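Chain residues, written in single-letter form:
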Amino acid sequence: ARLPQVLKRAAKDKSREEKTGLDEAALSQRAEDSSKVFESQKRKQEEHDRKQEQHKMKKDLHQWAVTFAEAKVYHQQTLTDSLKTLQDIAKLKANS
């Protein structure tokens, strides 16, 4: 009479172990999936950050190009003004 109870208990224990094994496998899979999602989000964020940095660098480069062009215009105006001043001085000397 004792043997069927022992067999039933053994069957229950085995069933419990199998269920626990499945639960552990499911948890392991869930952890792996979460890790993949995290890595994917991390890569997307890094790509977004890199694109923003590239955009900022292009914007900065454009601003420096504009500043350089303005400096060239200012330099040319200064040269022109200096030449006019020298010409005016030469006219004054010639007229005196």
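What comes next is a walk through the structure. The shown structure was predicted, so the numbers you read here are calculated from the model rather than taken from an experiment.

### Side note on the overall build of the protein chain
No. 1: Of the regular secondary structure elements, the protein chain holds one helix and zero strands.
No. 2: Taken across its 96 residues, the protein chain has 0% of its residues classed as buried.
No. 3: When the accessible surface of the protein chain is split by element, carbon and sulfur atoms take 58% of a total near 9400 Å².

### So, the pattern of salt bridges
No. 1: With the rule as written, the count across this model stands at four salt bridges.
No. 2: Where Lys-36 meets Glu-32, a salt bridge forms, and the shortest distance between an N and an O atom there is 3.5 Å. Placement of both Lys-36 and Glu-32 in helix 1 (residues 2-95) is noted, with a separation of four residues, approximately one turn of the helix.
No. 3: The residue Asp-60 makes a salt bridge to Lys-56 at a minimum N-O spacing of 2.9 Å. One end of the pair is Asp-60 and the other is Lys-56, both in helix 1 and four residues apart, which spans about a single turn.
No. 4: For Lys-56, a relative accessible area of 45% translates into the label partly exposed.
No. 5: One network of salt bridges, with partners in common, ties together Glu-47, Arg-50 and Lys-51.

Conventions and cut-offs
Residues numbered from 1 in each chain as written. Predicted model: local features only at pLDDT ≥ 70, side-chain atom pairs only at ≥ 80, totals over all residues. Heavy atoms only, no water. Helix = DSSP H or I, 4+ residues; strand = E, 2+ residues; numbered from the N terminus. Buried < 20%, exposed > 50% of the residue type's maximum accessible area, 1.4 Å probe, protein only. Areas by Shrake-Rupley, 256 points an atom, 1.4 Å probe, with all protein chains shown as cover. Salt bridge = Lys/Arg side-chain N within 4 Å of Asp/Glu carboxyl O.

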